[in-house]
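Structural overview
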Amino acid sequence: MAFVVSSGELATTGAGVLPAYAPSTFRAQPWEYETIWRTQPQVRTVIGFIARNIAQLGIHVFRRISDTDRERLRDHPLAQLLDSPLPGMTQYRFIERIVSDRALYDNFYGIKLKLNGRLRVLPVPPTLIRPYGGNWIAPEYYETAGGRNFGVDEVIHIHGYSPTDMTYGESPIEALRELILESSQAAKQRAQMWQGGARLTGVLVRPAEAPEWGSAERRRFREMWRTFSQGGGAEGGTPILEDGMDYKPVGFNPEQAQYIEARKLNREECAAAYYIPPPLIGILDHATYSNIKEQHAHLYQDTLGPWTVDLQQEFAAQLLPDLPDNDDVYCEFNVEAKMRGDFESQAAAASTATGGPWMTRNEIRARNNLPRVEGGDDLIVPLNVTAGGLASPRDTAPEPDALPKARARQVKAGQPSQDDDDALRAEFSAALKQATDDEVARLVESEPDGVDAVHAWWDSGRAKRLARFVKVLEDYMVRFGLAAARRVLDAFNPSEDGWSADVMEPWLIVAALHHAQLHDGAGETAAAAAVEDVPDEAGIGAALLVSGGVWAAAALTRSETAATEAVSFGGHDAAEASGVGFKVWRTTSADPRSQHLVMNGEKVPLGDTFSNGLRWPGDGTGDADQTANCRCTLDYEMEE
């Protein structure tokens, strides 16, 4: 068996690899990665999705005390470094840049600095720095665009896999480059087609027996034809052909043009390159809406899990050795907070784990990043285990089948009257307005002194505020959706075969969160605009009250829009499960939109969209001018 002796450091071990070997520069020529990020919305969407979801997790530093205990280190140099990598740079922006650079270039570079006795990290764009010299194991130094060279120990370099060496990573964009080029060419062709009046290329055939034209006739006809085909102002009109002439299309027909457009780089292909399931980035064409929880778990386990583990280990390998007091210290992204279930699920799991005879309280506290407690190492043996012979403290709980599965069981079958629907909508708007008024009161009470303070207040309490809005929206949207589903089931599927409220409700809950985010954003915009031009602090409170009135009025529009979407989706979901074939758009408002009025009675197959591009009234994928305050409904028909 042969060994390589390195005399304290790894030497060149690859056959034919010289010490002066320098890794080549990025491969994406002429489509540089940053240009692709700026110009390709699909790439930007996917990279932004990964970076923002990881950056918002937060990263904590711990010291391992034993296999069952650890303590949170808030003042450790590593925690201080990650909280403030540079003066004025937040942890969120730092992690976002690391992940974005890794996702785009598969390389992140940071220069280690000493500022006021503290270690800091200056992120460097990968286009301005590169490993140079050395060998395929490690570079000799890092070369920057400004001519300054940095030693290997002065740079933190986080990179992915390359089949050629171990000094840098290969960007996933390389796998997408051909698709991006194809997409670009398709976009140019479409632009040229629209510029030419959206006409495909062709030739004019003039019969051989037609009278000969002179130069004046040719010039006249050429100028006339250009007005119809080259931006001359008559695009879309009908040219008059002379002397029995005939137009012969040449090139792609409409079906082929549609095929080319379908081959462009789309979000699904880009998502696949980064191992992201399409439903997680809003591509719901093939989603079932029944696996929302599974997709959420998949996001933080299989999609973002490898990213977080990689960064945790890189920080420990490249930053911790430069910091004091680093024994048994490590960092960890706060993924646990995202993976926990709702309160009831957490309480049930904690009761089983801590009350049963197989896990101590300190063990479960360690798993949840909590310190030890006195007496927490003793197993608790509940009386019902010894007296009743039960295996778990939750054995006395009712069987799962005995519990209500969904709020659908609380909705009575039957067709509610229009008065009932109006009353529920009024109740909905009043509840959302009250929640909005409460937030306005909290904002005014905080006494912000300007626009920046308003934004800071909004950011600091966004999570709790969204939770309060979601509670209202979710409750009413589920009620509207279940009632609409019942109406369709009563008409087409009384036995409810193939339909389940457990499948429908998660979609409505996600939709409620979307409406809560939109409503929250509207309030922030209104408040910031109100205080922007206030001359002094004394008038800010009054300005905020005025903006609060605008926000409260928006709550009425938001509740109407959310109610319509819930009614539409609930009925559509039941119709799909019942095998209904067609849906019909109906206007109900006394003063509907002109486009919706024209659509009244429009009938399409259940899986298609209507002429306005919406799947149903209030469709959340549509623009506000199509959905806000819409009260249109759907009728359903089994067949033609």
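All values derive from a computational prediction rather than experimental measurement. (Residues numbered from 1 in each chain as written. Predicted model: local features only at pLDDT ≥ 70, side-chain atom pairs only at ≥ 80, totals over all residues. Heavy atoms only, no water.)

Let us now look at helix α16 (residues 451-460). Val454, Trp457 and Trp458 are the residues of α16 that are buried. The arc that holds the buried residues of α16, viewed along the axis, is 100°, so those residues lie on one side. Away from the buried face of α16 by more than 90 degrees, exposed residues Asp452 and Ser460 are located. (Buried < 20%, exposed > 50% of the residue type's maximum accessible area, 1.4 Å probe, protein only. Helix = DSSP H or I, 4+ residues; strand = E, 2+ residues; numbered from the N terminus. Arc of directions from axis to C-beta.)

One pass over the structure, following the stated rule, counts 15 aromatic pairs. Judged by centre distance (5.3 Å) and plane angle (45°), the ring pair of Trp458 and Trp551 falls under tilted. Of this pair, Trp458 sits in helix α16 while Trp551 sits in helix α19 (residues 540-577), placing them 93 residues apart in sequence. In this pair, the class of Trp458 matches that of Trp551, namely buried. Judged by centre distance (5.8 Å) and plane angle (85°), the ring pair of Phe469 and Trp551 falls under edge-to-face. A residue pair is termed long-range when its members are at least 10 positions apart, and Phe469 in helix α17 (residues 462-492) and Trp551 in helix α19 qualify at 82 residues. A relative accessible area of 1% places Phe469 in the buried class. Through successive ring pairs, a cluster of aromatic residues spans Trp457, Trp458, Phe469 and Trp551. (Phe/Tyr/Trp six-rings, centres within 6.5 Å; stacked < 30°, edge-to-face > 60°.)

What follows is about the environment of Val205. Counting through the fold element by element, Val205 comes out in strand β9 (residues 202-205). Each C-alpha atom of the pair Val205 and Gly244 lies 8.7 Å from the other, and the pair is 39 residues apart in sequence. Filtering out sequence-adjacent residues up to four positions away, Val205 remains in contact with Gly244, Met245, Asp246 and Lys248. (Contact = heavy atoms within 4.5 Å.)

Here the focus is the nonpolar core. Counting 57 residues, the largest nonpolar core has Phe428, Leu473, Phe480 and Trp499 as its most contacted members. Going through the elements one at a time, α15 (418-445), α16, α17, α18 (501-532), α19 and β14 (633-637) are the ones with two or more residues in this core. Looking at this core, the element that brings in the most residues is α17, giving 14 residues. Other than its neighbours up to four places away in sequence, Leu473 contacts Phe428, Leu432, Ala512, His515, Ala516 and Ala562. Membership of the second largest hydrophobic core comes to 52 residues, among which are Tyr33, Leu73, Leu104 and Phe333. (Core = buried A, V, L, I, M, F, W, Y, C linked by side-chain atoms within 4.5 Å.)

The next thing to look at is the sheet that holds strand β2 (residues 69-72). Ordered in space as β2-β1-β11, the 3 strands form an open sheet in which the pairing is antiparallel. Either end of the sheet is taken by a strand with one partner, and the two such strands are β2 and β11 (329-333). Each strand axis lies, on average, 40° off the axis of its neighbour in the sheet, ignoring direction. Taken together, the 5 bridges between strand β1 (residues 59-66) and β11 define a ladder with antiparallel strand orientation. When the bridges of β11 are listed, Phe62 appears paired with Tyr330. (Pairing = 2+ DSSP bridges. Axes fitted to C-alpha atoms, helices over the stretch in contact; angles between N-to-C directions.)

Taken as a whole, the protein chain shows an average pLDDT of 78; of its residues, 75% reach a score of 70 or greater. Of the regions scoring below 50 in pLDDT, residues 259-265 engages in 17 contacts with residues more than four places distant in sequence or in other chains. In the predicted structure, residues 386-416 sits below a pLDDT of 50 and forms 43 contacts with residues beyond four places in sequence or in another chain. (pLDDT = per-residue confidence, 0-100.)

Between the first and last C-alpha of α19 there are 53 Å, a value that for 38 residues agrees with the 56 Å anticipated at 1.5 Å per step. One or two steps after α19, the chain reaches Gly579, where phi turns positive at roughly 75°. (Expected span 1.5 Å × (residues − 1).)

Turning to its location among the elements, Arg70 is positioned in strand β2. When its relative accessible area of 12% is taken as the criterion, Arg70 is described as buried. Separated by 295 residues in the primary sequence, Arg70 and Arg365 have C-alpha atoms spaced 9.7 Å apart. Only 2.7 Å separates the side chain of Arg70 from the side chain of Tyr330, close enough to count as a polar contact. (Polar contact = N/O pair within 3.5 Å; in protein donor to acceptor, adjacent residues only side chain to side chain.)

Here we take up the pattern of salt bridges. By the definition in use, this model includes 26 salt bridges. The partner of Arg102 in a salt bridge is Asp310, with the nearest N and O atoms 2.5 Å apart. Residue Arg102 is found in helix α4 (residues 91-105), and its partner Asp310 is found in helix α10 (residues 305-318); the two are separated by 208 residues along the sequence. Salt-bridge contacts for Asp520 lead to Arg465; the nearest nitrogen and oxygen are separated by 2.5 Å. With Asp520 in helix α18 and Arg465 in helix α17, this pair connects stretches of sequence that are 55 residues apart. Like Arg465, Asp520 is buried. Salt bridges sharing partners connect three or more residues here, namely Asp459, Arg462, Arg465, Asp520 and Glu524. (Salt bridge = Lys/Arg side-chain N within 4 Å of Asp/Glu carboxyl O.)

Attention shifts here to the packing of α17 against α19. Viewed as axis vectors pointing N to C, α17 and α19 meet at an angle of 40°, and their least axial separation amounts to 7 Å. For the element pair α17 / α19, the angle class is oblique. For the pair α17 and α19, the crossing hand works out as right-handed. Where α17 abuts α19, its residues Arg465, Phe469, Leu473, Met477, Phe480, Gly481, Ala484, Ala485, Arg487, Val488 and Leu489 lie against Trp551, Ala562, Ala563, Glu565, Ala566, Val567, Gly570, Gly571, Ala574 and Ala575. In the contact of α17 with α19, the residues fall into 15 nonpolar, 3 polar and 3 charged. (Parallel < 35°, antiparallel > 145°, perpendicular 65-115°, else oblique. Left-handed = near helix turned anticlockwise from the far one by under 90°. Nonpolar A, V, L, I, M, F, W, Y, C, P; charged D, E, K, R; others polar.)

Okay, the sheet that holds strand β6 (residues 141-144) next. Two strands in a sheet stick together by hydrogen bonds in their backbones, pointing the same way (parallel) or opposite ways (antiparallel). The sheet built from 3 strands is open, its strands ordered β5-β6-β7 with antiparallel pairing. Edge positions in the sheet fall to β5 (129-132) and β7 (149-150), since each of these pairs with one other strand and no more. One ladder, built from 4 bridges, connects β5 with β6; its direction is antiparallel. Residue Tyr132 lies in a different strand from β6, and its bridge partner there is Tyr141.

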